[in-house]
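Observations on the three-dimensional arrangement
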Amino acid sequence: MIPMEIDLRSLTEGLNLFTWEATASDLEVEEEVGLNGPARVALTVVKAGEALTAHGEVAFGLKLTCSRCLEPLDQALDVAVNVVFQKAGEVRDLQDLDDTNLVFYGEDDTSVNVVTQIRDIVILEAPMKPLCFEACAGLCPLCGANRNRETCSCRREEIDPRWEALRQFKTQ
């Protein structure tokens, strides 16, 4: 993993901007998701006395396969990032942190690394069942034809087996 470190000693009071680019191997997500190019991270760290917070975004593209028709597709995502840096042993009211990552650092730490939080965001934002488009018709379960491109002549007559006795009764 590449370090996405924020040097705590060099932070100035107010806003501090950090940007990084990371590949799938940098984030160690090759097995979980297929990145389409590097992920771009932009964080603004706000220092107000001893309090440190960060907000920004992660922009990345994914190489996916449609879960219905198995066609390849690319999807671009821009995800908001919110991080609160908490010094270990320090007490702070953290009840209003809904969509915020919490990063603890030690008393003697001179930097914090946010690569784990960025990695988690990339993995968690990847769709579980990606679709090439919302109304994708998928593949025919009988002949395997892509129903977005062609119509097949397969008859899909699904009869609930509980009604089969009534159908036989009707034909007698």
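Notes on the structure in this doc start here.

Procedures and definitions
- Residues numbered from 1 in each chain as written.
- Predicted model: local features only at pLDDT ≥ 70, side-chain atom pairs only at ≥ 80, totals over all residues.
- Heavy atoms only, no water.
- Phe/Tyr/Trp six-rings, centres within 6.5 Å; stacked < 30°, edge-to-face > 60°.
- Buried < 20%, exposed > 50% of the residue type's maximum accessible area, 1.4 Å probe, protein only.
- Patch = residues over 30% accessible without salt bridge, like charges linked within 9 Å, V, L, I, M, F, W, Y side chains within 5 Å.
- Areas by Shrake-Rupley, 256 points an atom, 1.4 Å probe, with all protein chains shown as cover.
- Salt bridge = Lys/Arg side-chain N within 4 Å of Asp/Glu carboxyl O.
- Helix = DSSP H or I, 4+ residues; strand = E, 2+ residues; numbered from the N terminus.
- Pairing = 2+ DSSP bridges.
- Contact = heavy atoms within 4.5 Å.

What about the packing of aromatic side chains?
As enumerated under the stated definition, the model contains 1 aromatic pair in all. Aromatic pair Phe18 and Trp20: ring centres 5.9 Å apart, planes at 15 degrees, arrangement stacked. A relative accessible area of 14% means that Trp20 is categorised as buried.

Some words on a nonpolar patch on the surface
Side chains of Ile159, Trp163 and Leu166 sit close together on the surface and give an oily, nonpolar patch of about 320 Å² of accessible area. Within the secondary structure, Leu166 is located in helix α3 (residues 164-171).

Some points on the pairing of strand β3 (residues 39-48)
Here strand β2 (residues 14-22) runs beside β3; their pairing, made up of 9 bridges, is antiparallel. Looking at β3, one finds that Leu17 is bridged to Thr44. Between the end of β3 and the start of strand β4 (residues 51-65), which pair antiparallel, lie 2 residues, with Gly49 showing a positive phi angle near 70 degrees.

Thoughts on the environment of Leu17
Counting through the fold element by element, Leu17 comes out in strand β2. Expressed as a C-alpha distance, the spacing of Leu17 and Leu77, which sit 60 residues apart in the sequence, is 21 Å. The contact partners of Leu17, leaving out residues within four places of it in the chain, are Leu43 and Thr44.

Thoughts on the pattern of salt bridges
Two side chains of opposite charge can pair, provided their charged atoms sit close to one another. Under the defined criterion, the tally for this structure stands at 6 salt bridges. The residue Asp7 makes a salt bridge to Arg9 at a minimum N-O spacing of 3.2 Å. Looking at Arg9, the relative accessible area reads 63%, which means it is exposed. Residue Lys87 pairs with Glu107 through a salt bridge whose shortest N-O separation is 3.9 Å. Here the residue Lys87 occupies a position in strand β5 (residues 72-87), and Glu107 occupies one in the loop between β6 (101-105) and β7 (111-113), the gap between them amounting to 20 residues. Classification of Glu107 by relative accessible area gives exposed; the value is 60%. Three or more residues joined by partner-sharing salt bridges are found here, namely Glu50, Lys87 and Glu107.

Any functional reading would require information that these geometric values do not contain.
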